[in-house]
Amino acid sequence: GAGVSQSPSNKVTEKGKDVELRCDPISGHTALYWYRQRLGQGLEFLIYFQGNSAPDKSGLPSDRFSAERTGESVSTLTIQRTQQEDSAVYLCASSSWDLNEQFFGPGTRLTVL
Amino acid sequence: SQKIEQNSEALNIQEGKTATLTCNYTNYSPAYLQWYRQDPGRGPVFLLLIRENEKEKRKERLKVTFDTTLKQSLFHITASQPADSATYLCALANTGFQKLVFGTGTRLLVSP
C-alpha cells in the first residue's frame, strides 16, 4: 500500500477485556514503532522493532502490554485486561533503515468503558 | 537524564509574521534532528531533517537551524498562514539505528 495502515480505526471495549491492534507498515521499512497519545498530550513511546534485532520494549507501561512483529511485516499490539486509563489513540509508524523519517498511520482510537 | 524540551504553551501569531519554535535537548548527541507537524485527530507528518553537520536547512517557507553547542534547534515558518496552525514536534536519535524520540510539541495558532 501507499502508506501505513492501522486497524481498527476505532475500538470500544469494556474494562477487563483484551484488545488487539494491527499495523501494516510501508513495504520495505525495517523499523516499526508504536506510540500512545492521550487526549491533548504528546507521543508516548511504547515499543520499537528494527529489522531482526530484539525489540526495544522500554516504553511498555505494564506487562499487560505486548507487541509482536512478523519479520519486517505486520505488527500487532495487544493490551490484556484493559483499564480505563488505556483509553487513547495508538499510533504506529514505520521508517527505512537509513533515513529514519517516520511515516505514521492514522491511529486506532481505543475507548475503554 | 535525557530530555527533549519544547515550549508547552501555545504560540499565537498574526498571519504574515514569522513563527519561531524552539527545541532544546540534554544528554543527547544526535546525529540528526527532525521536525513533524501534527493536526488534531491525525498522526504526525514529517517536515524536515537536519544533520549534525548542517547549520541550516530550508524547504519553501520553512527553515530549521541546528546548534549542537547550544543543544538547540529552531524551527521557523515565514509568512505564516492560518493553515499553518498545528502542533509541531521535534524528534531526534543519536544514530540512524537508535529509536527516534519525540518532544511533547508546541501548538502554533496563526490568526488571520
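Residues numbered from 1 in each chain as written. Chains lettered and ligands numbered in written order. Predicted model: local features only at pLDDT ≥ 70, side-chain atom pairs only at ≥ 80, totals over all residues. Heavy atoms only, no water.

(A) Spotlight on the state of the cysteines. All names here are of chain A. Scanning the entire structure with this criterion turns up two disulfides over all chains. In this model, Cys23 is linked to Cys92 through a disulfide, with the two sulfur atoms separated by 1.8 Å. The sign of the S-S torsion, about -60°, decides the handedness of the disulfide formed by Cys23 and Cys92: left-handed. You can see Cys23 sitting in strand 3 (residues 19-24) and its partner Cys92 sitting in strand 8 (residues 88-95), a full 69 residues away along the chain. (Disulfide = S-S within 2.5 Å. Helix = DSSP H or I, 4+ residues; strand = E, 2+ residues; numbered from the N terminus.)

(B) Fine view of the environment of Leu74(B). Residues and elements named next belong to chain B. The topology assignment puts Leu74 in strand 8 (residues 72-77). Classification of Leu74 as partly exposed rests on a relative accessible area of 22%. Each C-alpha atom of the pair Leu74 and Leu21 lies 5.7 Å from the other, and the pair is 53 residues apart in sequence. Ignoring any residue separated from it by four or fewer positions in sequence, one finds Leu74 in contact with Thr20, Leu21, Thr22, Trp35, Lys63, Val64 and Thr65. (Buried < 20%, exposed > 50% of the residue type's maximum accessible area, 1.4 Å probe, protein only. Contact = heavy atoms within 4.5 Å.)

(C) How the structure looks around the confidence of the model for chain A. Per-chain confidence: chain A averages 92 in pLDDT, with 96% of residues scoring 70 or above. Across chain A, element-level confidence peaks in strand 7 (residues 75-79) of chain A with a mean pLDDT of 98 and bottoms out in strand 5 (residues 44-50) of chain A with 92. (pLDDT = per-residue confidence, 0-100.)

(D) Representation of the packing of aromatic side chains. For the structure shown, the criterion picks out twelve aromatic pairs over all chains. Centroid distance Tyr33(A) to Tyr35(A): 5.8 Å. Interplanar angle 10°. Geometry classified as stacked. The residues Tyr33(A) and Tyr35(A) share a single accessibility class, namely buried. With 5.3 Å between their ring centres and 35° between their planes, Phe75(B) and Tyr88(B) make a pair best called tilted. Here Phe75(B), found in strand 8, pairs with Tyr88(B), found in strand 9 (residues 86-93); they are 13 residues apart in sequence, far enough to count as distant. The same class applies to Phe75(B) as to Tyr88(B), namely buried. (Phe/Tyr/Trp six-rings, centres within 6.5 Å; stacked < 30°, edge-to-face > 60°.)

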